[in-house]
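# Remarks on the overall topology
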Amino acid sequence: MALDTAFDMALFDLTPVSLWLEDYSGVRRRMERWAAEGMTDVRRWLEDDPARVLQLSAEITVVRINRRALALYGARDLDELRAHFSQIFSAASIPALISEFEALWSGARTLTSFSINRTLDGRQVDIALDGVLLPGAEHDWSRVLFAIRDITARQQAIAALARSEARARALFAHSPVAMMLLNLGAVRDRLVRLTQDGIADVGRYLEDNPQVLLEVLADIRVLDANEALLTLFGISDLATLRGSLPRFFSAESLPPLRAHIAALWNGDHLLGEVEGHNVAADGREIWAQIRVRNLTDDASDWSEMLVALNDITARKQAESYLAYLSYHDVLTGLHNRFFHLETVERLRRQGPWPVTVLMIDLNDLKGVNDRFGHAAGDALLRRAAQVLTATILPPGMVSRIGGDEFAVLLPGLDEAAASTLIAALETAAGTLLPEPDQPPLRFSIGAATAGRGQLAAALEQADARMYEAKRHYYRTHDRRHRADEGLAGD
């Protein structure tokens, strides 16, 4: 899948996360040659001769990077970045590259790794990479999209906290990681009273009584917060945070809050990271990785709890965008072939039955492309998608599975209902006014209905009926075209 439209390219360039679109097809071809020469264990093969990693790296083509990526490395443009690849990717990058190549060779569609790079001015940058093999590139690896997060600040903050308590206060005040110091003593007192009233499992009680968590929020005292946290929440001073802490929590904030309180109650001093959701003062959605540490040596003393929040909102947005690309056709906004195949497999296993399948071909697309250009063809495809989404309502699912082909899955719909739907679809297509100098919207449709165990056969049958309808359309269309030319000659 390429970045086909101006909107795609603008979204790519302006996404607030470093994005790289790379072509790994050369990597795949070289690995296939190595496999033919006897490579069975990718990791061992590459670790035995690191020069092979460099050979694979040389096969990678950077197709496009966005502005945030250029800014991260201090490059003016892609050409300048390419000219300094040997500086950016040092020996410290080799373990991450080996993991990427191993994962792709094993069939993975997504990649996650951590590495160390250097900027053009020599600074070390710790990065986390999240990659996805874009739909359509599964067989040749020609499009791999990477989202790169700069985690240098977090790594430095964690190291500084471990080195020295004396330096912790300065780090707290100036750290790029959002932090606050909380007194949860009143929260613990509340839990003690619950146990005195006969509650044996505090964690389960909080899970079964979410309203208690709302009361717990009122028990929390904010002792301090750093500038990064105030900036993250969009507030100017500590007093505002202290006076209205509950307003920064949402319903999605409660599960991680419950998990942290239950863990503290069980005596954990340093809790693992959990992802939490909050709301800024201006209503912005905030996602953060949250870590809580009890700074006292007494598990029963909750008077000093350090809370660190690493803002991952941009990563979440990038993940959402990557997930969208994985299951949607960017041109039409419909689901794509990958979604269609996954849904077919789910319906095959689970139903509900019957399932009606519509295979649909958009007539005259090639002619429009040839006569008016691909922009006109794209417009015709979007008009087709508009009609399909307006007519096929949930639980029906519409996917664009090829250039001019669409597939519709209708769980729970029998043949009679499907016939009514097809008639409505053809009516909707016929009533949509065509663009100037373009043919009206016309579909060739094949339908079949499956009971349990018949879905594969129904797909083939619907496809065959669609092609027959397509042949009939073009035979009729050609006869009419020739007749029109004859009348014009008279």
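Okay, so let's go over this structure. (Residues numbered from 1 in each chain as written. Predicted model: local features only at pLDDT ≥ 70, side-chain atom pairs only at ≥ 80, totals over all residues. Heavy atoms only, no water.)

### Description of the pairing of strand 8 (residues 274-279)
Successive residues of a regular strand alternate their side chains across the two faces of the sheet. Where strand 8 lies against strand 9 (residues 285-294), six bridges are found, and the strand directions are antiparallel. Directly across from H277, in strand 9, lies its bridge partner W287. Hairpin connection from strand 8 to strand 9: five residues lie between these consecutive antiparallel strands, with G283 at a positive phi of about 90 degrees. (Pairing = 2+ DSSP bridges. Helix = DSSP H or I, 4+ residues; strand = E, 2+ residues; numbered from the N terminus.)

### Comments concerning the sheet that holds strand 13 (residues 405-411)
Spatially, four strands are ordered 12-13-11-14 in an open sheet, and the strand pairing comes out antiparallel. Of all strands in the sheet, those bounded by a partner on one side alone are strand 12 (397-400) and strand 14 (443-450). Across the sheet, the mean angle separating the axes of adjacent strands is 15 degrees when strand polarity is ignored. Two strands pair when backbone bridges link them, and strand 11 (residues 355-362) and strand 14 are joined in this way by eight bridges, in the antiparallel orientation. Residue pairing in the sheet places T356 in a bridge with T449 of strand 14. Strand contacts of helix 18 (residues 337-350): strand 11, strand 12 and strand 13, with the helix running at about 140 degrees to strand 12, the strand carrying the most contacts. Strands strand 11, strand 12, strand 13 and strand 14 of the sheet are contacted by helix 20 (residues 374-391), whose axis makes an angle of about 155 degrees with strand 11. (Axes fitted to C-alpha atoms, helices over the stretch in contact; angles between N-to-C directions. Contact = heavy atoms within 4.5 Å.)

### Side note on the packing of aromatic side chains
Considering all chains together, one arrives at twelve aromatic pairs under this definition. Ring geometry for W34 and W45: centres 6.0 Å apart, planes at 45 degrees, overall tilted. Taken as a pair, W34 in helix 2 (residues 25-36) and W45 in helix 3 (residues 42-48) lie far apart in primary sequence, eleven residues in all. For the pair shown, W34 and W45 are each scored as buried. Here F233 and F248 contribute two aromatic rings whose centre-to-centre distance is 5.2 Å and whose plane-to-plane angle is 70 degrees, an arrangement assigned as edge-to-face. Note that F233 is positioned in helix 14 (residues 227-233) and F248 in the loop between helix 15 (238-243) and helix 16 (254-265), a separation of 15 residues in sequence. The burial state of F233 is the same as that of F248; both residues are buried. (Phe/Tyr/Trp six-rings, centres within 6.5 Å; stacked < 30°, edge-to-face > 60°. Buried < 20%, exposed > 50% of the residue type's maximum accessible area, 1.4 Å probe, protein only.)

### Notes on helix 2
Taking 1.5 Å of rise per residue, twelve residues should cover 16 Å, and helix 2 covers 17 Å from first to last C-alpha, within 8% of that figure. Within the sequence span of helix 2, burial applies to S25, G26, V27, M31 and W34. Elements in contact with the buried residues of helix 2: strand 1 (18-23), helix 3, helix 4 (50-58) and helix 8 (94-105). Positive backbone phi, at 120 degrees, marks G38, one or two positions downstream of helix 2. (Expected span 1.5 Å × (residues − 1).)

### Some details on the sheet that holds strand 9
Taken in spatial order, the five strands make up an open sheet running 7-6-10-9-8, and their pairing is antiparallel. Where the open sheet ends on each side, the last strands, each with one partner, are strand 7 (221-225) and strand 8. Averaged over all pairs of adjacent strands, the angle between strand axes in this sheet comes to 35 degrees, irrespective of strand direction. Here four bridges tie strand 6 (residues 178-183) to strand 7, and the two strands are oriented antiparallel to one another. Among the inter-strand pairings, M180 is bridged to a residue of strand 7, identified as A225. The strands touched by helix 17 (residues 313-327) are strand 8, strand 9 and strand 10 (305-311); relative to strand 9, the strand with the most contacts, the crossing angle is about 130 degrees.

The values reported here are purely geometric and, on their own, carry no functional implication.
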